Amino acid sequence: MWAGLPSRTELTTLRHLGSGEGNTSVNNVLRERHTASGDDAGGLERRDLPDAAAHAVHDTAEEIAATIESMPRSSARRFSTLTDPELIELVEAGCARLPHEVATAVRPPATACGAAVVSRIPVTDAELGPTPRDWRAAARRTPRSAAFRHELAMLLLARCAGQPFGWLGQQDGRLVNTIVPAPGHEDEQSGAGSTTLLAPHTEDAFHPARAHLLLLGCLRNPDRVATTISSVREVRLSPVADRRLRTRVLPILPDVSYGNDFHRQPCPPVATVGPAGTLRYDPAYTPLDDGDAEFRSAYTELGAELERVCRTAILRPGQLLLLDNDVVVHGRVPFTPRYDGTDRWLLRVNIALPQRNRDPAERSETGYGQRTVTPFAHTPRPTPPSYR
Ligand SMILES: [Fe+2]
């Protein structure tokens, strides 16, 4: 147990009130510099999916949806999480039929900024229907709906990139998460928030099995809400700060989408910067006030550097943002939710890369009891046929 650790609710409240010095400076500067209308995405890797490849993804998703619809017991509930074994088989087979340009487009970002925007996924706003009010409402879509087809398309794309997975404790273990502003969660440091800046963070930084890649797909973004992106590869730290951030000083707790009581569990301290220069950062869920002055100073220096190198990307419908979660932290600028069925609507998929190893020191961490859902982990990735 970490002595004196506040509850996660208290922790988040403290950050909102500005008590965490590292996070506060980042929040304030970001709030001032990055309004919902600003796009500062220079340097991001840009990839266009060729028309034939984009339509192959769309058509394959449509075929899988039609197959599911024709199945007995094809209820919305059965396919809610997209983990049904028959569906997984269909996705595996569909992925193997896709042209190789798809896998090429979703390969891990290779540049210093650690992020890529992939464009030209077909999205027709008129067929989407209203933006769901929260992820539970989104889970009630039927296999006949356009939203379901888009989730399948995301799963196909993610499977071409690696092994998509979910979290048992988050959105009921769904492989494709829904990110929409939800009433009552406006100030929350999670994907359901809106009016508060979502502080830059490593996705699921608290867990040793966090994603290597994060795939965000845009279905709707009428108010041009920007996603923030900062890469540790572009950060310059003083030798003192770099050394301090490589030591294990403070824990990172699960975010509010997993629940609220984790401060009662063992909270092992983690290294902010890993041996290979990777980053594990989530100031909104790190009890910075418990760190010593030297660590807090180093954390503040890192926060300022992440702000200095920050880019913003305004995703349009049909665009994907592919992030290397080992080197990039992401966030979102504040915005005013509409709650009229036309709100910003993203889909998110966590992706593991089995060929990538992390710091062996993380292996002893229990991840606060959170378990992954990994239906693709036991099958080799299908080899796409040559493009004809
Ligand atoms: Fe996130």
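Analysis parameters
- Residues numbered from 1 in each chain as written.
- Predicted model: local features only at pLDDT ≥ 70, side-chain atom pairs only at ≥ 80, totals over all residues.
- Heavy atoms only, no water.
- UniProt positions renumbered as here; feature names shortened; annotations may be inferred.
- Helix = DSSP H or I, 4+ residues; strand = E, 2+ residues; numbered from the N terminus.
- Buried < 20%, exposed > 50% of the residue type's maximum accessible area, 1.4 Å probe, protein only.
- Contact = heavy atoms within 4.5 Å.
- Polar contact = N/O pair within 3.5 Å; in protein donor to acceptor, adjacent residues only side chain to side chain.
- Donors = N, O, S within 2.8 Å, 3.2 Å for Na, K, Ca; no water.
- Salt bridge = Lys/Arg side-chain N within 4 Å of Asp/Glu carboxyl O.
- Phe/Tyr/Trp six-rings, centres within 6.5 Å; stacked < 30°, edge-to-face > 60°.
- Expected span 1.5 Å × (residues − 1).
- Pairing = 2+ DSSP bridges.

You'll find the protein entered in an unreviewed UniProt entry as Iron hydroxylase, with Nocardia stercoris given as the organism. Quoted verbatim from the Sequence similarities (unreviewed entry) field of the UniProt record, the comment on the protein reads "Belongs to the clavaminate synthase family."

**Overview of the UniProt feature "binding site: 2-oxoglutarate" (unreviewed entry) in the protein**
Those residues carrying the UniProt feature "binding site: 2-oxoglutarate" (unreviewed entry) are Thr247, Arg344 and Arg348 in this numbering. For threonine 247, the location among the structural elements is in the loop between helix H9 (239-245) and strand E8 (248-250). Under the relative-accessibility criterion, threonine 247 is labelled partly exposed at 31%. If we skip the residues at most four places from it in the chain, threonine 247 touches Val270, Ala271 and Thr272. Among the polar contacts listed, one links the side chain of threonine 247 to the backbone oxygen of arginine 244, at a separation of 2.5 Å. Within the element layout of this structure, arginine 348 appears in strand E13 (residues 345-352). Take arginine 348: its relative accessible area is 9%, and that puts it in the buried class. A distance of 3.4 Å separates the side chain of arginine 348 from the side chain of glutamine 170, its partner in a polar contact.

**Describing the coordination of the iron ion**
For the iron ion, every protein donor is listed as His201 (NE2), Glu203 (OE) and His330 (NE2), and the spread of their distances is 2.1 to 2.2 Å. Each donor residue of the iron ion lies on the same chain, and together they follow the pattern H-x1-E-x126-H. Here histidine 330 lies in strand E12 (residues 328-332) and histidine 201 lies in strand E5 (residues 198-201), a separation of 129 residues in the sequence. On the basis of relative accessibility, which here comes to 10%, the residue histidine 201 falls in the buried class. Looking at histidine 330, the relative accessible area reads 7%, which means it is buried.

**Considerations on the pattern of salt bridges**
A pair can form between side chains of opposite charge whenever their charged atoms are brought close. In this structure the tally under the stated criterion is 24 salt bridges. One salt bridge in this structure joins arginine 159 and glutamate 92, with 2.9 Å as the shortest N-O distance. Placement of arginine 159 in helix H8 (residues 146-161) and of glutamate 92 in helix H4 (residues 85-97) is noted, with a sequence separation of 67 residues between them. The partner of arginine 280 in a salt bridge is glutamate 365, with the nearest N and O atoms 2.7 Å apart. Here arginine 280 is found in the loop between strand E9 (270-271) and helix H10 (293-308), whereas its partner glutamate 365 is found in the loop between E13 and strand E14 (372-373), with 85 residues between them in sequence. A relative accessible area of 3% means that arginine 280 is categorised as buried. The structure contains a network of salt bridges with shared partners spanning Arg210, Arg280, Glu362 and Glu365.

**Description of the packing of aromatic side chains**
Each aromatic ring pair is described using two quantities: the centre-to-centre distance and the angle formed by the ring planes. Counted by the stated rule, this structure contains seven aromatic pairs. Pairing phenylalanine 206 with tyrosine 258 gives two aromatic rings, centres 5.0 Å apart and planes at 70 degrees, and the pair type is edge-to-face. Highlighted residues: phenylalanine 206 in the loop between E5 and strand E6 (213-220) and tyrosine 258 in the loop between E8 and E9, separated in sequence by 52 residues. Note on accessibility: phenylalanine 206 and tyrosine 258 belong to one class, buried. Between phenylalanine 295 and tyrosine 299 the ring centres are 5.6 Å apart and the planes differ by 40 degrees, which places this aromatic pair in the tilted class. Of this pair, phenylalanine 295 and tyrosine 299 are both found in helix H10, four residues apart, which corresponds to roughly one turn of the helix. A relative accessible area of 1% means that phenylalanine 295 is categorised as buried. Note on tyrosine 299: relative accessible area 1%, which makes it buried. Taken together through their ring pairs, the aromatic side chains of Phe165, Trp167, Phe206, Tyr258 and Tyr368 make up a single cluster.

**A look at H10**
Taking 1.5 Å per residue as the helical rise, H10 with its 16 residues ought to reach 22 Å, and the 22 Å between its terminal C-alpha atoms agrees with that figure. Here H10 has its buried residues at Phe295, Ala298, Tyr299, Leu302, Gly303, Glu305, Leu306 and Glu307.

**A short note on unusual backbone geometry**
Glycine aside, the phi torsion of most residues is negative, and most peptide linkages are trans. The residue leucine 82 is not glycine, and still its phi comes out positive at about 65 degrees. In this fold, leucine 82 is placed in the loop between helix H3 (51-69) and H4. According to the relative accessible area criterion, leucine 82 is buried, its value standing at 1%. Positive phi is not limited to glycine here, since tyrosine 368 has a value of about 55 degrees. Position of tyrosine 368 among the secondary structure elements: in the loop between E13 and E14.

**Section: the environment of leucine 346**
In this structure, leucine 346 sits in strand E13. The spacing of leucine 346 and proline 317 is 29 residues in sequence and 9.0 Å in space, taken between C-alpha atoms. Setting aside residues no more than four positions away along its own chain, leucine 346 makes contact with Asn177, Thr178, Ile179, Gly217 and Cys218.

**Some words on the pairing of strand E7 (residues 226-231)**
Counting buried positions along E7 yields six of six residues, so the element is predominantly enclosed. The alternating pattern of E7 places Ala226, Thr228 and Ser230 and Thr227, Ile229 and Ser231 on opposite faces, both of which are buried. Alignment of E7 against strand E10 (residues 311-314), held across four bridges, turns out to be antiparallel. Each bridged residue has a counterpart across the sheet, and for alanine 226 the counterpart in E10 is isoleucine 314. Relative to E12, E7 is paired through five bridges, and the arrangement is antiparallel. Within the sheet, the bridge partner assigned to isoleucine 229 lies in E12 and is histidine 330.

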